[in-house]
Amino acid sequence: MSQVRRSRSARAAGIVGIAVMCSRLLGLVRELVFAALFGAGYKMDAFVAAFRAPNLLRDLFAEGALSTAFVTTFSKKIELEGDKAAWDLASKVATLTVIFMSVVTLLGIWFAPVLMGEVLARGFVEEPGKLELTILLTRIMFPFILMVSLAALAMGMLNAKDRFGVPAMASSAFNLGSIIGGAGLGYLLDPTFGERALIGLSLGTLIGGFLQFAVQIPSLYQVGFRFRPDFLWKDEGVRKILQLMGPAVVAASAVQVNVMVNGLFASYLGNGPMSWLNYAFRLMQLPIGVFGVAIGTVTLPAVSRFAAKGDTAELRDTLARAIRLAFVLTIPCAAGLIFFGEPIVSLIFERGRFDHADTLATAAALQFYATGLAGYAAIKVLAPAFYAMDKRWAPMMVSFLSIGTNLLLNWIFTFKLGWGHKGLAFSTGLVAIINFGLLYAMMAKHAGGLQTRALVVTLVKIGLAALPLAAICWAAQFYLLADLATVGLAYKAGVVFGAIAVAGGAFFTVAYVLRIEEVDDLVSIFRRRFSRTKG
């Protein structure tokens, strides 16, 4: 890959990363507000379980199979046939999406009792009223899947036209709508934020979903898209998208089965574990989104174009560098969460109805989740490339294997060893690592190698650079924050942000000294940016 193209990709990833970081930070604010208002227990467990149904479908269809299949096909259509053919395809797919997702929404509302009582939250039957509340909230939030599917289509079109910032910021609109609309409506329905306030929280989710789509409409207009209902679905492009979606849905369904299994296990662990796991994974999503999703978002259109032209060398180089960059950015994050998770959780969540016991339980889950953080991020980069190369069955096979692995590990860690919700988090992390290893081996075979030697060298250097980071985080917690429950908020914030800054600086200093190529690229970008700003 040329230096110009590498810099352009890194800049684009940086734009997406900043936008996603804003979104993830707002997502943390959203969880912070909800935690303070509702804590971690009966009510929040019900909301988390209720949102899981439409959210699983979002991951499965909208931001999973549909997004990957559409971006791949749409990018190739632009490359080979031009914009007009691509816009015609977009109208056909948008029309089909509205109809199909409307039907899915109605079915979800109708079958919510079965979905919750038999699949996602079966353990709730042991708590009087908990299952009934969960079913009600599920029915309110199910239209979210229609809105977010349209948002995913808009994002795909803009990304294929090399517009990354607005679609990446769109989820910030979702978080703002959820916070303002949810908290506001919740207060109107129940100023004490009891059970009725959860209805307002659920309606706020719908407001956020609508805003996530609506903020992208002006950019779609600017790049030339004009929607017109088109029911002519016997089209080669639509057929190709559906062909790609089939294996992608099957592959993603395995991931969603794992999520459902984890939720089902958690529903039998009493009040709290489902909320603790949710809060912990929200923290995990910050580095996954900022780095893994950002790099994957920028990489997919480029890989699709290289695949369309048959340029295997550029495709291979792009993927290899993207994976290494994902590791450079996420492994230090994982080390920080493992050695400094408790102060971070305490600073963000410990207020209102979220007490210190909730902090300890959430931090424990976060530390175990973090073992798979780098694997998660790398999968976000690697898995979509299989669809761009028309090797769509490989991720499906790996995902099916993960179902059995996840079930076995859940049973061993959660019930056999008695680790409770921590066992669920650890099995999730291990499954992510296993999935990445299998996908990497398959892609290396299909692409004729992925510069594995360079990856191993980079991993060794990252490990060496992460040692001082881990030591600084451990020392800050052990010596400066030994009694988290009694220290003041200002002192805690100062120590946490100071330790993160010093630890991060130590990591990148050592990484630069060790000549990690991806760090050199990042430093070069900042130097050029600083030079232009100074000039």
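Now for a look at the structure at hand. (Residues numbered from 1 in each chain as written. Predicted model: local features only at pLDDT ≥ 70, side-chain atom pairs only at ≥ 80, totals over all residues. Heavy atoms only, no water.)

Here we come to the packing of aromatic side chains. One pass over the full model with this rule turns up 26 aromatic pairs. When the ring of F231 is compared with that of W233, the centres are 5.9 Å apart and the planes differ by 50 degrees; the resulting orientation is tilted. Since its relative accessible area comes to 29%, W233 is described here as partly exposed. On the basis of an interplanar angle of 65 degrees and a centroid distance of 5.8 Å, the ring pair of F281 and Y376 is categorised as edge-to-face. Here F281 is found in helix α11 (residues 273-309), whereas its partner Y376 is found in helix α14 (residues 373-388), with 95 residues between them in sequence. For F281, a relative accessible area of 22% gives the class partly exposed. Chaining the aromatic ring pairs together yields one cluster made of F34, F47, F51, F144 and F174. Seen from the ring of Y221, R226 lies directly overhead, with NZ or CZ sitting 3.5 Å from the centre. The ring of Y512 has R515 sitting right over it, with the charged end atom 5.2 Å from the ring centre. (Phe/Tyr/Trp six-rings, centres within 6.5 Å; stacked < 30°, edge-to-face > 60°. Buried < 20%, exposed > 50% of the residue type's maximum accessible area, 1.4 Å probe, protein only. Helix = DSSP H or I, 4+ residues; strand = E, 2+ residues; numbered from the N terminus. Lys NZ or Arg CZ within 6 Å of the ring centre and 35° of its normal.)

With that settled, consider helix α5 (residues 130-141). With twelve residues, α5 extends 17 Å between its outermost C-alpha atoms, agreeing within 8% with the 16 Å of an ideal straight helix rising 1.5 Å per residue. In terms of burial, α5 is largely enclosed, as nine of its twelve residues are buried. For α5, the complete set of buried residues consists of K130, L131, L133, T134, I135, L137, T138, I140 and M141. (Expected span 1.5 Å × (residues − 1).)

Our focus in this paragraph is unusual backbone geometry. Located in the positive-phi region is F193, a residue other than glycine, with phi close to 55 degrees. As for its position among the elements, F193 is in the loop between α7 (165-189) and α8 (197-214). Of note, the phi angle at R515 is positive, near 60 degrees, even though the residue is not glycine. By the secondary structure assignment, R515 is in the loop between α18 (489-513) and α19 (517-534).

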